[in-house]
Amino acid sequence: MAKFDCDLFVIGGGSGGVRAGRIAAGHGARVIVAEEYRYGGTCVIRGCIPKKLFTYASHYAEDFEDAAAYGWRLPAEPVFDWATLITNKDREIERLSGLYRKALTGAGAEILDGRAVLADPHSIEIGGRTITAGTVLIATGGHPVVPEQPGAELGITSNEAFHLERFPRRVLIVGGGYIALEFAGIFNGLGAKVTLAYRGEQILRGFDDDVRNFLADEIVKKGVELRLRAMPQRLERRAEAIAALFPDGSAVEVDAVLYATGRKANTSGMGLKEAGVVLAPSGVVKVDAESRSSVPHIYAIGDCTDRINLTPVAIREGHAFADSVFGKKPWRMNHEDVPAAVFSAPVVGTVGLSEADALARFGQLDIYKTSFRPLRHTLTGREERTLMKLVVDRASQRVVGGHMVGPNAAEIIQMLAIAVKMGATKAELDETVALHPTAAEEFVTMRSPSSRPERAGAA
Ligand code: NDP
């Protein structure tokens, strides 16, 4: 008789939990996965995927305009229908969620719909049942948080933004991170008047400064009103509109206020602390490099651990966990040089270190930087520009950072990330023959440094 009802109980059916469950089942483990909402998690249901579909939708307005320069005459003024976008997006999300369920059952895992709570370190309660497990994996992700301020209940988060019944003609976005910038691009592209209010000096804190400044200029050119060092104090209902009141006495009247002010781990009310799992003050599960919590048979991966909150990271953490614990193939997720993109308009792609971080680490750098108008816009006359930047450690000549703002930046940086991960030098990039005419070729044709910064005191 097996000692436990299952070998692995996964709490959370998002990208990380599903990967871990599927791989562990493939290794022969008896796996149960529980999800309280919909399989697929944040990324599939209300994150990456619907967001990317919305960004496609939002780009058509410019594409229709630009088409004229290439000889196209559109029969009538294009009209955007929000309801169609929502319906089609929902259909695709439903399909993907179904595939996630199938991926698990196909691998031999059992799936349960409901909220799972730890009753003791080896027992999980769900839907009136108690199930015992040899190993538990917490993969519960996170949820958006809204600042405490008067009228905050009038605002929405990214969760609701995917289901608005009516398209908001005027939107205030609060925050200056990934979600704020992505929705600014989406709503602006779809024709809304967008104001973005960020409390800090410049958007996208933590990104390379050139990227931050460049993107800020580009979104303003596209019509977003950018308010820096600005944070509404309160929201008020005014007839059909919402008024956001700022400390300087100004007010912005909009149809929707979207708070994109960060996310918090889903770890409360699950019996974690009672089971002995140590949480950080922010609520994330504290884990070691093997994703093991303070309780040796309870592991955690993905956003509920707050290492790098990106889907592919959660997936790899889940895969490493499953291979290591159930497949006799131990390995660890390496969190260095993880590429990332902000699907703003224009898109940001980045891998490795920002100039500031590289300077702090290496002391002496060669910076290669170019900005240009994409070929496509020589005919359209659009003032959009592209930025590309390489950060090179002067001593080793290794490329330690690559950054881009512009069309296809995410696709291009994904490929550059291979070179960065392999430790490529600038000379090795230069040995690669350019593919002409592309934007990506700039990464192998930047000949001389645009600057050679040195940290004070660096030899
Ligand atoms: P971020 O952490 O990226 O940004 C949060 C923003 O809100 C920051 O600008 C922050 O300001 C601001 N903020 C935080 N608290 C407050 C407050 N109390 N009042 C005013 N402003 C506040 O979080 P997001 O919510 O945008 O996204 C969460 C995470 O999800 C991202 O960090 C990323 O890891 C992931 N994600 C990834 C995407 C992708 O891969 N394309 C897309 C979307 C999300 P400050 O900088 O001053 O702290």
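Residues numbered from 1 in each chain as written. Predicted model: local features only at pLDDT ≥ 70, side-chain atom pairs only at ≥ 80, totals over all residues. Heavy atoms only, no water.

1. A short note on the pattern of salt bridges
Heads up, the condition is: The working definition used for a salt bridge is a side-chain nitrogen of Lys or Arg within 4 Å of a carboxyl oxygen of Asp or Glu. Put simply, DSSP H or I for four residues or longer makes a helix, DSSP E for two residues or longer makes a strand, and each gets a number counted from the N terminus. For every residue, the accessible area obtained with a 1.4 Å probe (protein chains only) is divided by the maximum for its type, and the residue is called buried under 20%, exposed over 50%, and partly exposed between those limits.
Scanning all chains against the criterion turns up 36 salt bridges. Notably, a salt bridge pairs lysine 389 with aspartate 210, separated by 2.6 Å at the nearest N-O pair. With lysine 389 in strand E20 (residues 386–393) and aspartate 210 in helix H7 (residues 209–221), this residue pair connects regions lying 179 residues apart in the sequence. With a relative accessible area of 1%, lysine 389 lands in the buried category. Judged by relative accessible area, which is 22%, aspartate 210 ranks as partly exposed.

2. Let's talk about the packing of helix H1 (residues 15–26) against helix H8 (residues 311–326)
Keep this limit in mind: Note on geometry: axes are lines fitted to C-alpha atoms, helical ones only across the stretch in contact, with angles between N-to-C directions running from 0 to 180 degrees. Note that the term roughly parallel is reserved for angles under 35 degrees, roughly antiparallel for angles over 145, roughly perpendicular for angles of 65 to 115, and oblique for everything else. Two helices crossing with the near one rotated counterclockwise from the far one by less than a right angle form a left-handed crossing, whereas a clockwise rotation gives a right-handed crossing. The contact criterion used is simple: two residues touch if any of their non-hydrogen atoms lie within 4.5 Å. For this classification, Asp, Glu, Lys and Arg are treated as charged, while Ala, Val, Leu, Ile, Met, Phe, Trp, Tyr, Cys and Pro are nonpolar and the rest, including Gly, are polar.
Their axes nearest at 7 Å, the elements H1 and H8 cross at an angle of 25 degrees. With respect to each other, H1 and H8 are oriented roughly parallel. Pair H1 / H8 crosses with right-handed handedness. Within the contact between the two elements, H1 uses Ser15, Gly16, Arg19, Ala20, Ile23 and Ala24 and H8 uses Thr311, Ala314, Ile315, Gly318, His319, Phe321, Ala322, Asp323 and Phe326. Grouping the constituent residues of the contact of H1 with H8 by class yields eight nonpolar, five polar and two charged.

3. Description of the side chain of serine 354
Relative to the elements of secondary structure, serine 354 occurs in the loop between strand E18 (348–352) and helix H9 (355–362). Judged by its relative accessible area of 7%, serine 354 falls in the buried class. Dropping the residues within four chain positions of it, serine 354 is found in contact with Phe207, Asp208, Val391 and His403.

4. What to know about the sheet that holds strand E11 (residues 234–238)
For clarity, the threshold we go by: Should DSSP find at least two bridges between two strands, the strands are taken to pair.
Strand order in the open sheet made by the three strands is E11-E12-E13, with antiparallel pairing throughout. With one partner strand each, in any of the chains shown, E11 and strand E13 (251–254) form the two edges of the open sheet. With direction set aside, neighbouring strand axes in the sheet form an average angle of 25 degrees. Relative to E13, strand E12 (residues 241–245) runs antiparallel, the two being bridged by four bridges. Across the sheet, residue alanine 244 finds its bridge partner in E13, namely valine 252.

5. Some remarks on the packing of aromatic side chains
What counts here: Only the six-membered ring of Trp is used, alongside the rings of Phe and Tyr, when aromatic pairs are assigned; centres must lie within 6.5 Å, and planes under 30 degrees apart are stacked while those over 60 apart are edge-to-face, with the rest tilted.
One pass over the structure, following the stated rule, counts 13 aromatic pairs. Ring centres of phenylalanine 321 and phenylalanine 326 lie 6.0 Å apart, and the angle between their planes is 80 degrees; on these two criteria the pair is classed as edge-to-face. Neither residue differs from the other here; phenylalanine 321 and phenylalanine 326 are each classed as buried. An aromatic cluster is defined as three or more aromatic residues linked by ring pairs; in this entry it consists of Phe54, Phe80, Trp82, Phe162, Phe167, Phe183 and Phe187.

6. Some details on the nonpolar core
Just so we agree on the cut-off: Only buried residues count toward a nonpolar core. Its members are Ala, Val, Leu, Ile, Met, Phe, Trp, Tyr and Cys residues joined through side-chain atoms within 4.5 Å.
Of all hydrophobic cores here, the largest spans 38 residues; its most connected members are Trp82, Ile173, Leu181, Phe183, Phe187 and Leu196. For this core, the elements supplying multiple residues, two or more each, are helix H3 (48–67), helix H4 (82–106), strand E8 (170–174), helix H6 (178–189), strand E9 (193–198) and H7. Among the elements that make up this core, the one with the highest residue count is H6 (six residues). Sequence-distant contacts of leucine 196, that is, excluding residues within four places in its chain, are made with Ile173, Gly175, Ala180, Leu181, Ala184, Ile203, Val224, Glu225, Leu226 and Arg227. One finds Cys6, Ile32, Ile138 and Val284 within the second-largest nonpolar core, a separate group that totals 27 residues.

7. Brief notes about the pairing of E20
Counting buried residues along E20, eight of its eight residues qualify, which places the element largely inside the surrounding structure. Of the two faces of E20, the one lined by Thr386, Met388, Leu390 and Val392 and the one lined by Leu387, Lys389, Val391 and Asp393 are each fully buried. One ladder, built from eight bridges, connects strand E19 (residues 365–372) with E20; its direction is antiparallel. From the neighbouring strand, tyrosine 368 faces E20, where its bridge partner is leucine 390. Direction of pairing for E20 relative to strand E21 (residues 399–405): antiparallel, over a ladder of six bridges. Within E21, the position partnered with leucine 390 by the bridge is glycine 402. Between E20 and E21, which pair antiparallel and follow one another directly, the connecting turn spans five residues, one of which, glutamine 397, has a positive phi of 65 degrees.

8. Re H6
Selection criterion: Multiplying 1.5 Å by the helix residue count minus one yields the expected span of that helix.
An ideal rise of 1.5 Å per residue puts 16 Å on twelve residues; H6 measures up with 17 Å between its terminal C-alpha atoms. Counting buried positions along H6 gives ten out of twelve residues, so the element sits mostly inside the fold. Taken together, the buried positions of H6 are Ala180, Leu181, Glu182, Phe183, Ala184, Gly185, Ile186, Phe187, Asn188 and Gly189. At the C-terminal side of H6, glycine 191 shows a positive phi close to 110 degrees.

9. Topic: the site of the ligand
Rules: When at least one non-hydrogen atom of a residue lies within 4 Å of a molecule or strand, that residue is treated as near it. Under this definition, polar contacts are N or O atom pairs within 3.5 Å; protein pairs additionally need one hydrogen-donor-capable and one acceptor-capable atom, and for neighbouring residues in sequence, both atoms have to be side-chain atoms. Areas reported as accessible are Shrake-Rupley estimates using a 1.4 Å probe. Residue values count occlusion only from the protein chains shown.
Near the ligand there are 20 residues, and of these Ile179, Tyr198, Arg205, Asn309 and Ala341 occur at the shortest range. In the model, an oxygen atom of the ligand is placed 2.9 Å from a nitrogen or oxygen of the glycine 176 main chain. Arginine 205 has a polar side-chain atom sitting 2.8 Å from an oxygen atom of the ligand. When the ligand sits alone it has 900 Å² of accessible area, and the protein chains cover 75% of it. When residues of the shell around the ligand are assigned to their parent elements, the largest contribution, three residues, is made by H6. Classifying every residue of the shell around the ligand gives nine nonpolar, six polar and five charged.

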